[in-house]
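# Coordinate inspection notes
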Amino acid sequence: MWERFDEPLTLNDIADSAILSKFYFSRVFRTLTGTSPSRFLAAIRLCMAKKLLLETSASVTDISFMVGYNSLGTFTSRFTRSVGVPPARFRMMSELGMDATPSALRPAGPTGHSGSVQGELYVPDTELPIRIYVAAFKESIPEGQPKACDVLDRTGPYRLTGLPDGQWFVRAAVVSRAPVEPRPWVRQPLFVGSSHLPVVISGGGTVEADVMTRPLGKLDIPILLALPELDGRQLLEVPRPAQRAVQLARAPGIRRSG
């Protein structure tokens, strides 16, 4: 899938490459990745679209075909839902150096719901200064806006609050605070992780769920949020220059905050 994402792959095609029946392959694949082959392939296509938007000057239309979509409208709607912003705006945010960290990706506070998840977050030994994003998603794929998020600058306890009753997937991504890679398309997480099982909130209260992180691998579901590619300014914590503020104020479709 990583090598042939631009082709009209079917489940039979993918299962044949593993010399398995499509039914058995689907079961094994879901066990290893936490999602279905079709959803994993869709995530790969959008992940590659993010890379192409930042690394090349190809048009959004061309990129939609390059990653296997036959409809620009379908590509744009799925990209927007999964990444959080439309493709063209995602590219513009990178060019203008905008902070892509949405309000949901800041330490969560009470929102009227009593359910919460907390635990310890573990990271392999590294000499690099790190930032950790840990969030709760309704689906197994980390896409769109998380329902709750905590941001840590070191390993230790995390807490996600404001979660309604239901099943939630806790995901974590660890990025380096320094040096921050100036080319956003190669700014990948150092480590990723998730809770061992989906977390179930019922009747409020707090659920304990520790998260172990490890190096990113080919069987890990791609992160589809605008992070980590566009988190450079937030990591550097550099005040926005006056000239850049003028650029942003004049950019179409961008609301100024503060």
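Provided above is the structure to which this section pertains.
So, here's what we can say about the structure. (Residues numbered from 1 in each chain as written. Predicted model: local features only at pLDDT ≥ 70, side-chain atom pairs only at ≥ 80, totals over all residues. Heavy atoms only, no water.)

This paragraph deals with the overall build of the protein chain. Of regular secondary structure, the protein chain possesses eight helices and nine strands. Evaluated residue by residue, the protein chain yields a buried proportion of 45% over its 258 residues. Of the contacts formed within the protein chain by residues at least 6 apart in sequence, a portion of 71% connects residues at least 24 apart. Counting only carbon and sulfur atoms, one obtains 54% of the accessible surface of the protein chain, whose full area is about 13500 Å². (Helix = DSSP H or I, 4+ residues; strand = E, 2+ residues; numbered from the N terminus. Buried < 20%, exposed > 50% of the residue type's maximum accessible area, 1.4 Å probe, protein only. Contact = heavy atoms within 4.5 Å. Areas by Shrake-Rupley, 256 points an atom, 1.4 Å probe, with all protein chains shown as cover.)

This next bit is on helix α5 (residues 72-83). Its 12 residues give α5 an end-to-end C-alpha distance of 16 Å, which sits within 8% of 16 Å, the value for a rise of 1.5 Å per residue. Taken residue by residue, α5 has F75, F79, S82 and V83 as its buried positions. Looking down the long axis of α5, one finds its buried residues gathered within 80° of arc, a one-sided arrangement. For α5, the elements touching its buried residues are α3 (37-55), α4 (60-66) and α6 (87-95). N-cap assignment for α5: the residue whose side-chain oxygen lies 3.4 Å from the backbone N of G73 is S71. Following α5 by one or two positions, G84 has its phi on the positive side, about 110°. (Expected span 1.5 Å × (residues − 1). Arc of directions from axis to C-beta. Polar contact = N/O pair within 3.5 Å; in protein donor to acceptor, adjacent residues only side chain to side chain.)

Another aspect to go through is the pattern of salt bridges. Under the defined criterion, the tally for this structure stands at seven salt bridges. Measuring nitrogen to oxygen at the nearest pair gives 3.0 Å for the salt bridge that ties E7 to R4. In this structure, D153 and R131 form a salt bridge, with 2.8 Å as the shortest nitrogen-oxygen distance. Taken together, the residues span a long stretch of sequence, with D153 in the loop between β3 (148-152) and β4 (156-163) and R131 in strand β2 (residues 130-137) at a distance of 22 residues. Take D153: its relative accessible area is 39%, and that puts it in the partly exposed class. (Salt bridge = Lys/Arg side-chain N within 4 Å of Asp/Glu carboxyl O.)

Here β4 lies mainly inside the structure; six of its eight residues are buried. Sheet topology places strand β1 (residues 115-122) next to β4; seven bridges connect them, and they run antiparallel. Bridging across to β4, S116 finds its partner in T161. (Pairing = 2+ DSSP bridges.)

Note that every value here comes from positions in space, so none of it alone points to a role or purpose.
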